[in-house]
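Residue-level structural notes
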Amino acid sequence: MAQPRVLVVGGGLAGLAATMRLAELGVNVDLVSLVPVKRSHSVCAQGGINSVNALTRQQGDSEWKHLDDTVYGGDFLQHQPPVKEMADWGPKIIDLMDRLGVPFNRTSEGFRDQRRFGGTLYKRTAFAGATTGQQLLYALDEQVRRWEVEGKVKKWEFWDFLGPVLDEAGRCCGAVCQDLVTMQFKAFAADAVVLATGGNGLIYGRSTMSMVCTGSAVSRAYQAGACYGNGEFIQVHPTAIPGADKLRLMSESARGEGGRVWVPRKPQDQRDPRSIPEAERSYFLEERYPKYGNLVPRDIATREIFDICTTDGLSVEKDRLCVYLDLTHIPKETLDRKLGGILEIYEKFQGVDPRVTPMKIFPAVHYSMGGLWVDYQKSASGGLLEGSLRNQQTSLPGLYAIGECDYQYHGANRLGANSLLSCIFSGLFVAPTLANVCGASAKAAGDHTRLFDAEIRRHEERHRELLARTAGDENPYTLHQELGNLMTRVATVVRRNDQLTHAYDEVCRMAERWKRCAVSDTGNWTNQNVVFTKALGDMFPIAKLILKGALLRDECRGAHFKPAFSMPGLTATDPEGKRSEAEQWCDAFEANTRKWLKSTIATCGPNGDPEISYQDIDTSLIPPRPRLYGLVGGDAIEEAWKDRAAKAAGQAAGKGQPAGAGA
Amino acid sequence: MIKAADSAADLVHGAGGDDHGAARSVVRVRVLRQDVAGGESYWERFEVSYEPNMNVISVLQKIAAQARSQDGRKVAPVAWDCNCLEEVCGSCTMLINGRTRMACSALVDRLQAESGDEIELRPMSKFPVVRDLVVDRRRLFRGLEKVKAWVPVEGSYDLGPGPRISPEEQEDAYPLSECMSCGCCLEACPQYTKVEAVRRDDESEADFEKRRKSAFDTGFVGAHAISQAVLFNAHPTGRMIADERMEALTRQGGIQMCGNAQNCVAVCPKRIPLTRSIARAGRAATVWALKKLFDR
Amino acid sequence: MSESSPSFLERHQFVIYRLFSLSGLIPVGAFLAVHLLTNASILAGDDGRTFQSRVDMIHSLGPLLVPVEWAFIFLPMLFHAAVGFVIIANGLPNVGSYAYVGNVRYTLQRATGMIAFAFIVWHIMQLHWLGKPFGGGKFDPHQAASTAATALQPTLTSILYTIGILSTVFHFSNGLWTLGITWGLWTSPAAMRRANVVSIVVGLGLAAAGLGALGGFRSLDVSKAREAEVWTEKQKRALSVPGGAVAPSPIPASTH
């Protein structure tokens, strides 16, 4: 290849950040996206983007604390060096986005304003109104458009990534993609391919994610041999507006301003909610958590709302699970002043005024912490070695993954306003790596024409085979709905092994049924029907690895909650009993950590069935510690744990081992 | 689980109970279809089961699932664009009951109240139809290129924070920055007319691309691009190439094409003050033209 | 789409459209205002004497009148009309789908522009000496009030004049408002609303003047006016003051 060339798949924050930086480094970029890149799912992020800043620094904050909050929030399931590097880059990234013209909210002095988000004590979050993701994406879209005019970037919008092309040595040397308008196939030769294709919420049917978030690109890479990490970790947001087409986010601020969550005590009470007397309402969060009330942490709120609808059968509606989020007791003027924007969203999509009628809400799948397994190279300082060919590389050499579709930054649970940071960071950070790949492969470049032709033929064959399936008895849309319903029931908030086992078999059957899916459109022009059917077929391998990962992981960690394996609080009331129970608790915690503080690694076996293995986690920077939020006897456990930690530190110092030595 | 309809039959015949108890158990839709770019268009009617809170997207999803017309014929599903479904991505613009709007925020109850029984769906008329309700909006993005809608930074390396900006300036800029390139302002603009370029057999892709861009540039650039030019000309770094943007805005198809019908601002789903932007750009163009005349 | 390099019109579209906008105000619009106000002097109730003196004032230009008419009235008007037709041809009114006030005004602006153009051509042919070869040119500057009044007597004529005057006035006053947006004089919605009030007031004023003049001519006692004109003519001859200017006027105020 005469000119260095990289194929970026996906034009959200990560893909655009990588494209911009690559173009700047003199690398030509082909940017493939299912939709015009300006319409990517990143636009949906509302809250903000985290980084240490001048203000928080003076309150004792540091990049180290950002790292700590992130790994603590993620229940220590992520390798720490990449997170450290990301936290270190935070301030630079916000500055950059500021320079690119993102209209961040301002203080009266004209500096960037910040707000506080969950999981931290500091006001780390910069924001642009209620559309921070949209604003960040547009800034990058604009820069990429600039490079497009310069001729460094070529966009291929309305193109579908069908799979990587691997050479004889198993190295990714390009990809086959399909034009969604003409349905033509094309092989893209590239020194490196980078996937930035986001999450896979559509596996759950309806979620807060956009319609392109099928996870198909990642699944195709997985089926081609790339490993998938931590698939079972799926973040569920407690309050979303159920819709027939998707679940739209309802900001936590509605509860912050005094919103009350309740259900009628009589199942599916059909009366107008306003006419149901107080005594016949169950304010279940307030009843079960008198201290925190409606403002319990996200995961608890999610679990309780889910539970009251499924286990107790008290959903407001019969066909659709939901509970009331009630603001009607708050004066309208207050609501308009403090929540105007988000209440407008509800009114716009539900056609109901939430100032007059209680909102109906339900938890919704929101983010995939897991994703393609990617490598990194640790630096001497405990961060990452910039430009290393290993950074963000999947288990297939030459194939890279960034953004939500990698598994690297959020562990078992993502903190609010960290996703935008991880997307932009991984995009910028992978660019020098890819530039170096280009330099290295320029020497080794071979002629892959025949390989590409063969791959195109293979994909054409699969496509033709699908088009020919007009007689099947399965409807892809209905099958998708079934898959979504099943996954939502068993693999979101509360997980039980019997259900997971059963669901795994069921998904295997669905995957077989998919083979009998008939397409209703057999044409070869903008055939969305066949494209969807293809994407649906690629959902099953991922659904299976989510279920299998969840089934095997017999513990509670972050977003993965299995009541059968939760560690109960202390029961003793006397100090001595408490201490001894706390010690036992800590022993159990340590044992669990030894057993389960590991990344779940899935490799695609025959028939799309996953083979699961586990990989140790680099916790060299911050030793794991228990998360005790709201647990009975938490203070006693904390005390016991601190004593242990101090003892361990003393021993380590005695042996003269420097903490966090570089690999 | 979340929704009880677990078979195609349920979807078609409407398992969802109608809580309102009204006669409305189905939604009737009339779609202006077109099988290929440049092909003939024709009407097709569909009927799907009614559910409370339905929007046009969920109607189209049901049409895709049943793939049958109202009279029971097997037909190809209607093609349409969508992505976020919460009115921030700008994908699903179409003509609903004759008016340009986003399909995701068009609620069936309200549409039926305004048009009676049948809902009418048509593709945008100012862009070439690709298929059914899918149109080719590349011209819209070409407009952003034309007016250099970006901040001309010197690279993406860390060079410290951006310029200080007062809260007032931010509040002024923010609404303009919410433009999601949906194209509603262009569809409703009587001055914005369709430009369609068809590739010739003997033409290379690059040549066609070039010819198409220059064809785009002959037509009106539209309210969205003018507003973006105003946005970036107000930014402290952005305005360093303000003259280049004014040059673009006063070329053929520039701001002079505006006919002041002010439909743009009336149909904008994000309620962006587009006419304010146009008037500001008009003022800047006046000053710029005079400067050019006298400073020459 | 054009393959060739852009035409002169396309290359200078901005300047041409801005001159088009400006020409609507100056000189065409300004002339319209002066013309209607001059004609309204028929309402002075002196059997057209004031009106005659205004006409005389204009005709005091003598041989300069023709070049002045062409340079400041006919050519700018033709330019405004020509560009206007190009604009109308390239637009796609859609008031059926978007019945917003602004859009109704947009559509009316184009409709009234075309009506106004047709009306003005007819009006010139009917009264100005340019129309003589076509059997028009009925206005005699020496017998200003009586000839004008005679020409306007038929009912159909006065109906068409009413339509023509109202269209022209709407086109001008609405154009005044859009001109302010085009040139960036009023940019905020609030300023646009204020400017709108002003343009409505101007429009109502001019409509009153125009229709008032029409009514004035129609209710004029032609024989009395004729007498007054004969008397004035005699006076002028006696004083041999050409044109009979009463006071100096910087603007050529009428083309009757």
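Residues numbered from 1 in each chain as written. Chains lettered and ligands numbered in written order. Predicted model: local features only at pLDDT ≥ 70, side-chain atom pairs only at ≥ 80, totals over all residues. Heavy atoms only, no water.

**What about the overall build of chain A?**
What counts is decided by this rule: Put simply, DSSP marks the helices as runs of H or I at least four residues long and the strands as runs of E at least two long, and each gets a number from the N terminus on. With C-alpha atoms as the basis for the radius of gyration, the globule rule is written as 2.2 Å multiplied by the number of residues raised to the power 0.38. The classification of residues rests on relative accessible area computed with a 1.4 Å probe and restricted to protein chains. Under 20% of the type maximum is buried, over 50% is exposed, and intermediate values are partly exposed. Whether two residues touch is decided by their heavy atoms; if any such pair falls within 4.5 Å, the residues are in contact.
From N to C terminus, chain A includes 18 helices and 21 strands. On C-alpha atoms alone, chain A measures out to a radius of gyration of 25 Å, which is about the 26 Å that the 2.2 N^0.38 rule sets for 663 residues. Considered along the principal axes of its C-alpha atoms, chain A spans approximately 75 × 65 × 55 Å. By the burial criterion, 63% of the 663 residues in chain A qualify as buried. Considering only residue pairs separated by 6 or more positions, chain A has 72% of its internal contacts joining residues 24 or more positions apart.

**Points about the overall build of chain C**
Of the regular secondary structure elements, chain C holds ten helices and zero strands. Ordered by position from N to C terminus, the α and β elements of chain C give α-α-α-α-α-α-α-α-α-α. Since a compact globule built from 256 residues should have a radius of gyration of about 18 Å, the 20 Å found for chain C is in line with a globular shape. Each of the three principal axes of chain C carries a C-alpha extent, and together these read 65 × 35 × 35 Å. Restricting to contacts in chain C with at least 6 residues of sequence separation, those with at least 24 account for 76%.

**Examining helix H11 (residues 274-295) of chain B**
We count it as follows: By this rule the span expected of a helix is its residue count minus one, scaled by 1.5 Å.
Look at H11(B): 30 Å from first C-alpha to last across 22 residues, which is about the 32 Å you get at 1.5 Å a residue. Taken together, the buried positions of H11(B) are occupied by B:Leu274, B:Thr275, B:Arg276, B:Ser277, B:Ile278, B:Ala279, B:Ala281, B:Gly282, B:Ala285, B:Thr286 and B:Trp288.

**Some remarks on the interface of chain A and chain B**
To be explicit about the condition: Simply put, the buried area is the total loss of 1.4 Å probe accessible area from both parts when two parts are fitted together. By convention in these notes, a salt bridge is any Lys or Arg side-chain nitrogen within 4 Å of a carboxyl oxygen on Asp or Glu. Here a polar contact means two N or O atoms within 3.5 Å. Within protein one must be a hydrogen donor candidate and the other an acceptor candidate, and residues neighboring in sequence count only if both atoms are side-chain atoms. Each residue gets one label: Ala, Val, Leu, Ile, Met, Phe, Trp, Tyr, Cys and Pro are nonpolar, Asp, Glu, Lys and Arg are charged, and the others, such as Gly, are polar.
On the side of chain B, 85 residues touch chain A, which itself brings 82 residues to the contact. A combined buried area of about 7,000 Å² lies between chain A and chain B, and 51% of that area is made up of carbon and sulfur atoms. Its salt-bridge partner being A:Glu344, residue B:Arg271 comes within 3.1 Å of it at the nearest N-O pair. Counting across the interface, chain A meets chain B through 36 residue pairs in polar contact (both at pLDDT 80 or more). Elements supplying a minimum of two residues to the side of chain A that touches chain B: helix H1 (13-24), helix H4 (80-99), helix H5 (132-150), helix H10 (332-350), helix H13 (476-490) and helix H15 (528-537) of chain A. No other element matches H5(A), which puts nine residues into the side of chain A that touches chain B. In terms of residue class, the side of chain A that touches chain B is made up of 25 nonpolar, 29 polar and 28 charged.

**Examining the arrangement of the chains**
Contacts between protein chains span two pairs of chains, and they are most numerous for chains A and B. Where chain A comes nearest to chain C, the C-alpha atoms are still 21 Å apart, and the two do not contact one another.

**What to know about the interface of chain B and chain C**
With 40 residues of chain B at the contact, the number on the chain C side is 33 residues. Interface of chain B and chain C: buried area, both sides summed, is about 2,900 Å²; carbon and sulfur atoms make up 55% of it. It is B:Gln252, B:Gln256 and B:Asn260 that lose the most area in chain B upon contact with chain C, and together they represent 19% of the buried surface on that side. On the surface where chain B and chain C come into contact, there are zero salt bridges. Taken together, the elements giving at least two residues each to the side of chain B that touches chain C come down to strand S4 (99-102), helix H6 (184-188), helix H7 (205-218), helix H10 (263-267) and H11 of chain B. No other element matches H11(B), which puts nine residues into the side of chain B that touches chain C. When its residues are assigned to classes, the side of chain B that touches chain C shows 14 nonpolar, 16 polar and ten charged.

**So, the confidence of the model for chain A**
As a reminder of what qualifies: For every residue, the predictor assigns a confidence score, pLDDT, that lies between 0 and 100.
Residues with a pLDDT of 70 or more make up 97% of chain A, whose mean pLDDT is 93. Segment residues 657-663 of chain A is flagged for pLDDT under 50; beyond a separation of four residues in sequence, or across chains, it makes seven contacts in the model.

**A short note on the environment of A:Thr522**
Residues and elements named next belong to chain A. Mapped onto the secondary structure, Thr522 falls in the loop between helix H14 (497-514) and H15. Residue classification places Thr522 among the partly exposed residues on the basis of a relative accessible area of 45%. For the pair Thr522 and Ala190, spaced 332 residues apart in sequence, the C-alpha to C-alpha distance is 32 Å. Setting aside residues no more than four positions away along its own chain, Thr522 makes contact with Leu467, Thr470 and Asn527.

**Observations regarding the nonpolar core**
Nonpolar side chains in soluble globular proteins generally cluster together in the buried interior. Where we set the bar: Nonpolar cores were defined as sets of buried Ala, Val, Leu, Ile, Met, Phe, Trp, Tyr and Cys residues, with membership established by side-chain atoms within 4.5 Å.
Within the largest apolar cluster, 266 residues are counted, with the highest numbers of intra-cluster contacts made by A:Ile49, A:Met97, A:Ile424, A:Met487 and B:Leu121. Ranked by residues supplied to this core, first place goes to helix H11 (residues 419-444) of chain A with twelve residues. Grouped together as the second largest cluster of nonpolar side chains are 36 residues, C:Phe119, C:Leu127, C:Ala213 and C:Leu214 included.

**Notes on the pairing of strand S14 (residues 260-264) of chain A**
Residue and element names in this part refer to chain A. How we decide: The pairing criterion is simple: DSSP has to find at least two bridges between the two strands.
Along S14, four of the five residues are buried, which leaves the element largely enclosed by surrounding structure. Where S14 lies against strand S16 (residues 323-326), three bridges are found, and the strand directions are antiparallel. Opposite Arg260, over in S16, you have Asp326 as the bridge partner.

**Regarding the pattern of salt bridges**
By the definition in use, this model includes 86 salt bridges over all chains. Across the salt bridge formed by A:Arg516 and A:Glu474, the nearest N and O atoms sit 3.4 Å from each other. Residue A:Arg516 is found in the loop between H14 and H15, and its partner A:Glu474 is found in the loop between helix H12 (449-468) and H13; the two are separated by 42 residues along the sequence. In this structure, the salt-bridge partner of A:Lys562 is A:Asp554, at a minimum N-O distance of 2.8 Å. You can call A:Lys562 buried: its relative accessible area is 1%. Salt bridges linked by common partners bring A:Asp521, B:Arg33, B:Glu44, B:Asp71, B:Arg73, B:Arg131 and B:Asp132 together as one network.

**Describing the sheet that holds strand S1 (residues 26-34) of chain B**
Residues and elements named next belong to chain B. As a reminder of what qualifies: For helices, the fitted line uses only the C-alpha atoms of the stretch in contact; every axis is such a line through C-alpha atoms, and the angle between N-to-C directions lies from 0 to 180 degrees.
Strand order in the open sheet made by the five strands is S2-S1-S5-S3-S4, with mixed pairing throughout. Each edge of the open sheet is held by one strand with a lone partner, namely strand S2 (41-49) and S4. Across the sheet, the axes of successive neighbouring strands diverge by a mean angle of 35°, strand direction being ignored. Bridge analysis of strand S3 (residues 93-96) against strand S5 (residues 118-122) gives two bridges, and the strand direction is antiparallel.

**Section: the side chain of C:His80**
On the secondary structure map, C:His80 appears in helix H5 (residues 65-90). Residue contacts for C:His80: discarding those within four places in its chain leaves C:Phe20, C:Ser23, C:Gly24 and C:His171.

**Structural notes on the domain arrangement of chain A**
Often, the extent of an interface is quoted as the loss of accessible area on bringing the components together. Residue and element names in this part refer to chain A. What counts, and what does not: Segment limits for the domains were obtained from an automatic or database-derived domain assignment.
The assigned domain composition of chain A is domain 1 (5-234 + 367-442) and domain 2 (237-364). Taking the mean C-alpha position of each, domain 1 and domain 2 sit 33 Å from one another. With seven residues of domain 1 at the contact, the number on the domain 2 side is nine residues. In total, domain 1 and domain 2 occlude about 770 Å² of area from one another, counting both sides; carbon and sulfur atoms represent 55% of this. On the domain 1 side of the interface with domain 2, the three residues burying the most area are Gln46, Arg206 and Thr208, jointly 69% of the side's total. At the boundary of domain 1 with domain 2, the tally comes to zero salt bridges. Joining domain 1 to domain 2, the criterion identifies three residue pairs in polar contact (both at pLDDT 80 or more). The class makeup of the residues in the side of domain 1 that touches domain 2 is two nonpolar, four polar and one charged.

**Observations regarding the sheet that holds strand S1 (residues 5-9) of chain A**
Sheet strands pair via backbone hydrogen bonds, and the direction of the pair is either parallel or antiparallel. Residue and element names in this part refer to chain A. Pairing in this open sheet of five strands is parallel, and the strands run S6-S2-S1-S10-S19 from one edge to the other. Pairing within the sheet leaves two strands with one partner each, and these edge strands are strand S6 (153-157) and strand S19 (399-401). For this sheet, the mean inter-axis angle between neighbouring strands, taken without regard to orientation, is 20°. In this sheet, S6 lies alongside strand S2 (residues 28-33) in parallel orientation, the contact comprising five bridges.

**Some thoughts on the packing of helix H8 (residues 155-182) of chain C against helix H9 (residues 189-218) of chain C**
Residue and element names in this part refer to chain C. The test is simple: Orientation categories follow fixed angle ranges, with anything under 35 degrees roughly parallel, anything over 145 roughly antiparallel, 65 to 115 roughly perpendicular, and all other angles oblique. Crossing handedness is read from the near helix: turned anticlockwise from the far helix by less than a right angle, it gives a left-handed crossing, and turned clockwise, a right-handed one.
For the pair H8 and H9, interaxial distance at closest approach is 9 Å and the crossing angle is 160°. Classed by the angle they form, the pair H8 and H9 counts as roughly antiparallel. In the packing of H8 onto H9, the handedness of the crossing is right-handed. In contact with Thr155, Ser158, Tyr161, Thr162, Ile165, Leu166, Val169, Phe172, Ser173, Leu176, Trp177 and Ile181 of H8, H9 contributes Met192, Ala195, Asn196, Ser199, Val202, Gly203, Leu206, Ala207, Gly210, Leu211, Leu214 and Arg218. Of the residues in the contact of H8 with H9, the class split is 15 nonpolar, eight polar and one charged.

**Some details on the packing of aromatic side chains**
How we decide: Any two rings among Phe, Tyr and Trp, with Trp reduced to its six-membered ring, count as a pair given centres within 6.5 Å; such a pair is stacked if its planes are under 30 degrees apart, edge-to-face if over 60, and tilted if neither. Note on geometry: a ring has a charge over it if NZ (lysine) or CZ (arginine) is within 6 Å of the ring centre and within 35 degrees of the ring normal.
Counted under the stated rule, the structure contains 24 aromatic pairs over all chains. Taking the centre distance of 5.2 Å and the plane angle of 80° together, the rings of A:Trp156 and A:Trp159 count as edge-to-face. Summarising the aromatic geometry, the rings of A:Tyr409 and A:Phe425 are spaced 5.8 Å apart at their centres and angled 90° between planes, so their arrangement reads as edge-to-face. Of this pair, A:Tyr409 sits in the loop between S19 and H11 while A:Phe425 is found in helix H11, placing the two residues 16 residues apart along the sequence. A connected cluster of aromatic rings, assembled from ring pairs, spans A:Trp89, A:Tyr409, A:Phe425 and A:Phe429. One cation-aromatic arrangement involves B:Arg30 over B:Trp43; the distance from NZ or CZ to the ring centre is 5.2 Å.

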